[in-house]
Amino acid sequence: ATSVHTAWDAPMAIWAWIVGLNHFGQPGNHIGPILLGLGTHMVISMIAGVVFVAVLATIRLRINALAVVLGIAYGLVLWVITRYGLLPLRDSTKALFTTSMVSPQWVWWLAHGLFGLTLGTSYAAVRRARMLPVANVSRMRDDAPRMAA
């Protein structure tokens, strides 16, 4: 591990949590763990997003601003569950996430809050777009005059 933080530390640490600490180190030497960590994180994020949308759709949330606030709270709750529930399950790598070895703790909170903000804003935008009336598009009728070619 290095004392210098890079943008690749988090995905590399995610993969190292799954398969072992030997997959965390200089980013240039760990391209595979970085890509696998990114892929793993994206799959987990997609699942979390689907769960969020399913919950809001089930309760039929109608207030867009509340969807955004709930999204931020959801993102932060996901970090709390991850930090205190999931990460301690692997003693060998929990120091990567529970100290500032990968990123300072405020970075994790900010990232998960922004993830939730994105979820809530996206939910509100899609919901709002679905509520807009469909534009009435006029179509040429067969009896309408046509221009000569």
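Residues numbered from 1 in each chain as written. Predicted model: local features only at pLDDT ≥ 70, side-chain atom pairs only at ≥ 80, totals over all residues. Heavy atoms only, no water.

This part is about the packing of helix α1 (residues 9-19) against helix α2 (residues 31-58). Between two packed helices, the angle of one axis relative to the other and the distance separating the axes together describe the packing. Taken N-terminus to C-terminus, the directions of α1 and α2 make an angle of 85°; their axes are 7 Å apart at the nearest point. When the axis of α1 is compared with that of α2, the two are roughly perpendicular. On the side of α1, the interface is formed by P11, M12, I14, W15 and I18, while α2 contributes P33, I34, L36, G37, L38, T40 and H41. (Axes fitted to C-alpha atoms, helices over the stretch in contact; angles between N-to-C directions. Helix = DSSP H or I, 4+ residues; strand = E, 2+ residues; numbered from the N terminus. Parallel < 35°, antiparallel > 145°, perpendicular 65-115°, else oblique. Contact = heavy atoms within 4.5 Å.)

The next point concerns the packing of α2 against helix α5 (residues 105-131). Two elements in contact, α2 and α5, have axes separated by 11 Å at closest approach and are oriented at 45°. Relative to α5, α2 is oriented oblique. Like other packed secondary-structure pairs, α2 and α5 cross with a definite hand, here right-handed. Across the interface between the two elements, S45, A48, G49, F52, V53, L56 and A57 from α2 touch F115, L119, G120 and Y123 from α5. In the contact of α2 with α5, the residues fall into eight nonpolar, three polar and no charged. (Left-handed = near helix turned anticlockwise from the far one by under 90°. Nonpolar A, V, L, I, M, F, W, Y, C, P; charged D, E, K, R; others polar.)

Turning our eyes to something else, we now look at the packing of aromatic side chains. Throughout the structure, instances matching the rule amount to two aromatic pairs. Judged by centre distance (5.4 Å) and plane angle (5°), the ring pair of W79 and W108 falls under stacked. Of this pair, W79 sits in helix α3 (residues 64-86) while W108 is found in helix α5, placing the two residues 29 residues apart along the sequence. What makes W79 buried here is its relative accessible area of 2%. (Phe/Tyr/Trp six-rings, centres within 6.5 Å; stacked < 30°, edge-to-face > 60°. Buried < 20%, exposed > 50% of the residue type's maximum accessible area, 1.4 Å probe, protein only.)

Don't take any of this as a statement about function, it's just geometry.
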